[in-house]
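Given next are the chains, with one letter for each unit.
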Number of protein chains: 2
Amino acid sequence: LVSGISKNKIKFIRSLHKKKYRDENRLFMIEGVKMIQEALRDRNDLIQEIYTTDPNVFEDVQKERIHVISAKELEQISALKTPQKALAILAYKKDNEVDTNGIILALDGIQDPGNFGTILRTAEWFGIQTIICSEDTVDQYNPKCVQASMGSMLRLTISYKALAPFIESYANPVYGTLLSGNDCYKEDITENGIIVMGNEGNGISDAILPLINKPLLIPGSGKTESLNVSIATGIILSEFKRRRLL
Amino acid sequence: LVSGISKNKIKFIRSLHKKKYRDENRLFMIEGVKMIQEALRDRNDLIQEIYTTDPNVFEDVQKERIHVISAKELEQISALKTPQKALAILAYKKDNEVDTNGIILALDGIQDPGNFGTILRTAEWFGIQTIICSEDTVDQYNPKCVQASMGSMLRLTISYKALAPFIESYANPVYGTLLSGNDCYKEDITENGIIVMGNEGNGISDAILPLINKPLLIPGSGKTESLNVSIATGIILSEFKRRRLL
């Protein structure tokens, strides 16, 4: 066990709250005992250091990776309002080859880290492996994305790309939710393809819209104008699951 | 048009960020031009005052309700990180009689205001009118709930009650998502009833669990342990919609 944390290290970990410094160091942070234990199980290779107020919960981990710190120190490095006993520093995942078999989820400019993380968690629930993000989509290593994903970001292949050329080069159907789409409960969605989900305020971008060849609509009846994008993603993925594609 | 805002008024509006003072005054706030315009359309009766940096967008509103303030003043009264041009003070809705016909959504201890608001927005999309909340569910007038609901909270009947006695007195099926439930795509869900959604971390509470007589499961396949509660709600309501109950 390593005891305490230097001021410089506190400063360094705090810098990882920002994308610029994460990219520079190719390091990010995850928080909470449960998520760190999942990371130890699934992506032990990525974990560099664990900072915790309660080392007993990490009994099985090599002692030299565990740093015992005070609640006050944890507060200084945490990105959470209510820090959760432990924070770990992880290396960026390797960029995996994108597998174009199976269903791909494409995110076109999702901005809210909570929505983004929730979408990853939902995608993993339904067995999707591959997420393609437009270059203006929020960073997967953003602490709020990581937390909202409940660890799913560790296990998924998430790739940032110019979305239009990727979709143009793709042979299968391109699904997307549009107000002018066809009833998602009835439309034939039995072919593998890309499912595009658009930005919170503006929906699918102008460059991508003409590439959607299987537009889907989630039928609604109330006065509210739209569904939250993570809810819409959940409902559409559920429809693919129901038809046995996932 | 009224110009400016007093220090006391700033203090008063800030106090409405807290439930205690909202309940004392039976007043709450909503933010953003779009949401206020929706409120003017749907619940004009509730709107007391509008504070805005841009009075031109409220041209049709009686001038004495419009207070023109600076961006700095708006920042002082806003509950948002990025204030959005306007903030309105509204009176609490009247408690409507709960309509036990049709499908009722019951929330059992939802804590996160973002989840709560998103659930309201989703419920309204699918045509649900009545939401019953356990007494430990987050306050509907919490500024973050209001914003995440995108105005749906203004139009729905939302009632806080001891949930167990309410459900016990109810004759129709009681649906709820449980890991031991039946496949929600196949289970007969054609009868009107209550749909219970549980707390983010703990699920449906011990007092309510034995009252669920139609347990449902959303089939999943990944390593993630659960779905976010607002996503699960969206998927279950979508299934009721698909079977023509909503």
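Within any chain, residue numbers begin from 1 and follow the written order of that chain's sequence. For this description, chains carry letters from A and ligands carry numbers from 1, given in the order in which they are written. The model is predicted, so local features are restricted to residues of pLDDT at least 70 and side-chain atom pairs to those at 80 or more, both for listing and for counting; the totals for chains, interfaces and linings are taken over all residues. Side-chain descriptors were evaluated using all non-hydrogen atoms of the structure, hydrogens and water having been removed beforehand.

A. View of the pattern of salt bridges. Definition used for salt bridges: Asp or Glu carboxyl oxygen within 4 Å of a side-chain nitrogen of Lys or Arg. One pass over the full model with this rule turns up 28 salt bridges over all chains. Between aspartate 23 of chain A and lysine 19 of chain A there is a salt bridge, with the nearest N and O atoms lying 2.6 Å from each other. Note that aspartate 23 of chain A and lysine 19 of chain A are positioned in helix α2 (residues 19–25) at a spacing of four residues, about one turn of the helix. For every residue, the accessible area obtained with a 1.4 Å probe (protein chains only) is divided by the maximum for its type, and the residue is called buried under 20%, exposed over 50%, and partly exposed between those limits. With a relative accessible area of 42%, lysine 19 of chain A lands in the partly exposed category. In this structure, arginine 43 of chain B and aspartate 45 of chain B form a salt bridge, with 2.9 Å as the shortest nitrogen-oxygen distance. Of the residues examined, arginine 43 of chain B reaches a relative accessible area of 22% and is grouped as partly exposed. What makes aspartate 45 of chain B exposed here is its relative accessible area of 55%. A single salt-bridge network, built from bridges that share partners, covers Glu239, Arg242 and Arg243 of chain A together with Glu239, Arg242 and Arg243 of chain B. Helix numbers and strand numbers start at the N terminus; a helix is a DSSP run of H or I with at least 4 residues, a strand a run of E with at least 2.

B. Structural view of the confidence of the model for chain A. On average, residues of chain A score 94 in pLDDT, and 100% of them are at 70 or above. Taken together, the chains of this predicted complex give a pTM of 0.94 and an interface ipTM of 0.93. pLDDT expresses, on a scale from 0 to 100, how confident the predictor is about each individual residue.

C. Expanded view of the environment of leucine 16 of chain B. Residues and elements named next belong to chain B. By secondary structure assignment, the location of leucine 16 is in the loop between α1 (7–15) and α2 (19–25). According to the relative accessible area criterion, leucine 16 is buried, its value standing at 0%. In this structure, the C-alpha to C-alpha distance between leucine 16 and arginine 26, residues ten residues apart in sequence, is 9.4 Å. What makes two residues a contact is simply this: any of their non-hydrogen atoms within 4.5 Å. Discounting chain neighbours no more than four positions away, the residues touching leucine 16 are Tyr21, Arg22, Asn25, Leu27, Met29 and Ile89.

D. Examining the packing of aromatic side chains more closely. All names here are of chain A. Side-chain rings of Phe, Tyr and Trp, where Trp is taken by its six-membered ring, are said to pair if the distance between their centres is within 6.5 Å; with planes under 30 degrees apart they count as stacked, over 60 as edge-to-face, and otherwise as tilted. Tallied over the full model, the rule gives ten aromatic pairs over all chains. Centre to centre, the rings of tyrosine 92 and tyrosine 141 are 3.8 Å apart; their planes meet at 10°, and the pair counts as stacked. Of this pair, tyrosine 92 sits in the loop between β5 (86–91) and β6 (104–108) while tyrosine 141 sits in the loop between β7 (130–134) and α6 (143–148); the two residues are 49 residues apart in sequence, bridging distant segments of the chain. Like tyrosine 92, the residue tyrosine 141 is buried in the burial classification. Three or more aromatic residues joined by ring pairs form one cluster here, namely Phe28, Tyr92 and Tyr141.

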